[in-house]
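Architecture and fold: a report
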Amino acid sequence: MKKNKRLDPIIEKAIKASFKEGRLMEVQVLRLVNTFKKLPRTEAIYLVSGYLKNLKRELAKSTLVVESAIPLSKLELAKIKNTSTHP
């Protein structure tokens, strides 16, 4: 999809508006997506796809994935969680 310099700042502002104190606000996400869907089709597709792509990127910044060959105990998971939390 071709970049649209006019719509990219809208996506950035929507991403910032979707988080409050580092937490995703689901209600805000639904409102924004519904607002984007009301626009002309090409703009709606560009905005929704760009918004969701950047939203996933932002969520990945604060998501920890732990992989293990053996099942981890609850104690081990708690240790991992406690050491990985941000101050």
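The notes below deal with the structure included here.

This part covers the overall build of the protein chain. When helices and strands are counted, the protein chain shows 4 helices and 2 strands. Computed over the C-alpha atoms, the radius of gyration of the protein chain is 18 Å, more than 25% above the 12 Å expected from 2.2 N^0.38 for a compact globule of 87 residues. Summarising its shape, the C-alpha atoms of the protein chain cover approximately 50 × 30 × 20 Å along the three principal directions. Within the span of the protein chain, comprising 87 residues, buried residues form 22% of the whole.

Counted under the stated rule, the structure contains 2 salt bridges. Between R6 and E43 there is a salt bridge, with its nearest N and O atoms 2.6 Å apart. Of this pair, R6 sits in the segment before α1 (8-17) while E43 sits in helix α3 (residues 41-61), placing them 37 residues apart in sequence. The exposure class of R6 is exposed, given its relative accessible area of 52%.

Moving on: the packing of helix α2 (residues 26-37) against α3. If you want to describe how two helices pack, look at the angle between their axes and the distance between the axes. Taken N-terminus to C-terminus, the directions of α2 and α3 make an angle of 155°; their axes are 8 Å apart at the nearest point. Viewed along their axes, α2 and α3 adopt a mutual orientation that is roughly antiparallel. Side by side, α2 and α3 meet where V29, L32, V33, F36 and K37 of the first sit next to A44, L47, V48, Y51 and L55 of the second.

Before going further, it helps to spend a moment on the packing of aromatic side chains. Summed over all chains, the structure comprises 1 aromatic pair. Considering the side-chain rings of F36 and Y51, the 5.7 Å spacing of their centres and the 80° angle between planes classify their relative orientation as edge-to-face. Highlighted residues: F36 in helix α2 and Y51 in helix α3, separated in sequence by 15 residues. By relative accessible area, F36 is classed as buried at 5%. On the basis of relative accessible area, Y51 is assigned to the buried category, the value being 0%.

Before going further, it helps to spend a moment on the packing of α1 against α3. For the pair α1 and α3, interaxial distance at closest approach is 9 Å and the crossing angle is 45°. One way to sum up the angle between α1 and α3 is to call them oblique. The element α1 and its partner α3 pack so that their crossing is right-handed. Note on element contacts: α3 touches α1 through Y46, L47, G50, Y51, N54, L55 and E58, opposite D8, I10, I11, A14 and I15.

Here is what the cut-offs are and how they apply
- Residues numbered from 1 in each chain as written.
- Predicted model: local features only at pLDDT ≥ 70, side-chain atom pairs only at ≥ 80, totals over all residues.
- Heavy atoms only, no water.
- Helix = DSSP H or I, 4+ residues; strand = E, 2+ residues; numbered from the N terminus.
- Rg over C-alpha atoms; globule rule 2.2 N^0.38 Å.
- Buried < 20%, exposed > 50% of the residue type's maximum accessible area, 1.4 Å probe, protein only.
- Salt bridge = Lys/Arg side-chain N within 4 Å of Asp/Glu carboxyl O.
- Axes fitted to C-alpha atoms, helices over the stretch in contact; angles between N-to-C directions.
- Parallel < 35°, antiparallel > 145°, perpendicular 65-115°, else oblique.
- Contact = heavy atoms within 4.5 Å.
- Phe/Tyr/Trp six-rings, centres within 6.5 Å; stacked < 30°, edge-to-face > 60°.
- Left-handed = near helix turned anticlockwise from the far one by under 90°.

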